[in-house]
Amino acid sequence: MLSAQSGQRIQPVGASRRVEANGIQLHYLEYGHGEPAIFIVPGITSPAITWEFVAVELAREARVIVLDVRGRGLSETGSGYTLENYAGDVAGLVAAVAPEFTVLLGHSMGARIVVATAARNLGLAEATIVVDPPLSGPGRAPYPFPLDVYVNALAEARRGATADDMARYYPTWPRRELEIRAQWLATCNEEAVVETYRNFHQEDFFDYWPSVPSPVLFISGAQSPVVPEAALAEVLAKNQAAELVSIAGAGHMVPFENLSGFVTVVLEFVARVTGRP
């Protein structure tokens, strides 16, 4: 079953592509060309097009592939939403596209996914970028945003939410990003969102994080409640190869709140690990 719903929406400027991976049809958007290839895995209610404004900037220096995670956008729903389900999808996508130099980049839920992918598939990617992941898990502090926020937003989107409606949740976002979110949010399958949210608390980020090989960059928003400053000591202690960078002026939705700062940090890291000037 496809998660997409009918209706007129803003369409991406990136090339729309599909691939069968891990037993389901996955949709992704592609920007730029050549090497390296940066694979972006977005967050819990973020179809690929919501990251287009970031992809366009990164594509000035790299080929960029943004995944519609299973149960979002134009990808199929699949039959489960564990980190192993998601990591299998990403590994299958990378193998199908088969670039020579791969960088995995994930935000929030997507950050947890790329960490699990890199830890379970050593050698799949040459570098990993982890952006403000939920550090929650059994016995840990809960994810700071309640499930009702996501469920209510999905219901509102299905009723025909507008950019003004989305602005209540994201008052500082550019108008186009609010319009995209209003139009595409309803493509997120509620079961996928609810199960993923529950797994934020049942699956431990730190079960995978120590096994992510270098080079690895951990980015957090300086004002993020998801990755508070006090948590960074454990992040570094459990993967001492990681580089930690805090983006000023940003909370959890890092590139939406400081795009230039985020793009600069990512491209500088990618240039360094690829040996490019």
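Structure shown above.
Residues numbered from 1 in each chain as written. Predicted model: local features only at pLDDT ≥ 70, side-chain atom pairs only at ≥ 80, totals over all residues. Heavy atoms only, no water.

Novice: Which parts of the structure should I look at to understand the packing of helix H4 (residues 147-158) against helix H7 (residues 190-202)?
Specialist: When two helices pack together, their arrangement is given by the angle between their axes and by how far apart the axes lie. The contact between H4 and H7 brings their axes to 10 Å, and the two run at 170°. Relative to H7, the element H4 is oriented roughly antiparallel. For the pair H4 and H7, contact is made by Leu147, Tyr150, Val151, Leu154 and Arg158 and by Glu190, Val193, Val194 and Tyr197, respectively. A breakdown of the residues in the contact of H4 with H7 according to their chemical character gives 7 nonpolar, no polar and 2 charged. (Axes fitted to C-alpha atoms, helices over the stretch in contact; angles between N-to-C directions. Helix = DSSP H or I, 4+ residues; strand = E, 2+ residues; numbered from the N terminus. Parallel < 35°, antiparallel > 145°, perpendicular 65-115°, else oblique. Contact = heavy atoms within 4.5 Å. Nonpolar A, V, L, I, M, F, W, Y, C, P; charged D, E, K, R; others polar.)

Novice: Honestly, the packing of aromatic side chains in this entry has me stumped. Any pointers?
Specialist: For any pair of aromatic rings, the description consists of the separation of the ring centres together with the inter-plane angle of the planes. All chains considered together, the criterion is met by 16 aromatic pairs. On the numbers, 5.5 Å between centres and 80° between planes, the contact of Tyr143 with Phe145 is edge-to-face. Residue classification places Phe145 among the partly exposed positions, given a relative accessible area of 27%. Ring centres of Tyr170 and Trp173 lie 4.0 Å apart, and the angle between their planes is 20°; this geometry places the pair in the stacked category. By the burial criterion, Tyr170 is buried, and Trp173 matches it. Members of the aromatic cluster, joined through ring pairs, are Trp51, Phe53, Tyr169, Tyr170, Trp173, Phe256 and Phe262. Its end group placed over the ring of Trp184, Arg9 keeps NZ or CZ at 4.8 Å from the ring centre. (Phe/Tyr/Trp six-rings, centres within 6.5 Å; stacked < 30°, edge-to-face > 60°. Buried < 20%, exposed > 50% of the residue type's maximum accessible area, 1.4 Å probe, protein only. Lys NZ or Arg CZ within 6 Å of the ring centre and 35° of its normal.)

Novice: What should I look at first to understand the pattern of salt bridges in this one?
Specialist: Close approach of charged atoms lets side chains of opposite charge pair. In this structure the tally under the stated criterion is 15 salt bridges. For Glu156, the salt bridge is made with Arg168, and the minimal N-O distance between the two is 2.9 Å. Residue Glu156 is located in helix H4, and its partner Arg168 is located in the loop between helix H5 (163-167) and helix H6 (175-184); the two are separated by 12 residues in the primary sequence. Here Glu156 falls in the buried class, since its relative accessible area comes to 10%. Where Glu179 meets Arg175, a salt bridge forms, and the shortest distance between an N and an O atom there is 3.7 Å. Here Glu179 and its partner Arg175 are both found in helix H6, 4 residues apart, which amounts to about one turn of the helix. (Salt bridge = Lys/Arg side-chain N within 4 Å of Asp/Glu carboxyl O.)

Novice: Any chance you could explain the packing of helix H2 (residues 83-97) against helix H3 (residues 109-120) here in plain terms?
Specialist: It is at 8 Å that the axes of H2 and H3 come closest, and there the two elements cross at 75°. Our classification of the angle between H2 and H3 gives roughly perpendicular. Contacts between H2 and H3 pair Leu83, Glu84, Tyr86, Ala87, Gly88, Val90 and Ala91 from the former with Met109, Arg112, Ile113, Ala116, Thr117 and Arg120 from the latter.

Novice: For this particular structure, what's the right way to read the layout of surface pockets?
Specialist: Where empty space is left can be seen by rolling a probe of water-molecule size over the atoms. For the largest pocket, the calculated volume is near 390 Å³. Together, 21 residues line the largest pocket, and Phe145, Tyr150, Tyr170, His252 and Met253 are the ones closest to its centre. Ranked by the residues each element gives to the lining of the largest pocket, the list is headed by H4, at 3 residues. Taken together, the residues of the lining of the largest pocket break down into 13 nonpolar, 6 polar and 2 charged. For the second largest pocket, the lining is made up of 14 residues, of which Leu135, Ser136, Ala141, Val226 and Pro228 are closest to its centre. (1 Å grid on protein atoms, 1.4 Å probe; cavity = no way out; pocket = protein on both sides within 12 Å on 5 of 7 lines; lining within 4 Å. Points joined across faces, edges and corners; volume = space filled by probe spheres on them.)

Novice: I would appreciate a short explanation of H2 in the present structure.
Specialist: One turn of an α-helix holds 3.6 residues; hence residues three or four places apart share an orientation. For H2, spanning 15 residues, the distance from its first C-alpha to its last is 21 Å, which sits close to the expected 21 Å at 1.5 Å a residue. Among the residues of H2, Leu83, Tyr86, Ala87, Gly88, Asp89, Val90, Ala91, Leu93, Val94 and Val97 are the ones counted as buried. At the C-terminal side of H2, Ala98 shows a positive phi close to 55°. (Expected span 1.5 Å × (residues − 1).)

Novice: What exactly am I supposed to notice about H6 here?
Specialist: Those residues of H6 that sit buried are Glu177, Leu178, Ile180, Arg181, Ala182 and Trp184. For H6, the elements touching its buried residues are helix H1 (52-58), H4 and H5.

Novice: Would you mind showing me how to read empty space enclosed by the protein here?
Specialist: Scanning all chains against the criterion turns up 2 cavities of 30 Å³ or more. One number sums up the size of the largest cavity: a volume of about 40 Å³. Lining the largest cavity, in full, are Tyr81, Leu83, Tyr86, Met109, Arg112, Thr196, Asn199, Phe200 and Glu203. Looking at the lining of the largest cavity, the elements that each hand over two or more residues are H2, H3 and H7. With 3 residues, the top contributor of residues to the lining of the largest cavity is H7. Of the residues in the lining of the largest cavity, the class split is 5 nonpolar, 2 polar and 2 charged. Around the second largest cavity, the lining residues are Ser46, Thr50, Trp173, Glu177, Arg181, Met253 and Phe256. By residue class, the composition of the lining of the second largest cavity is 3 nonpolar, 2 polar and 2 charged.

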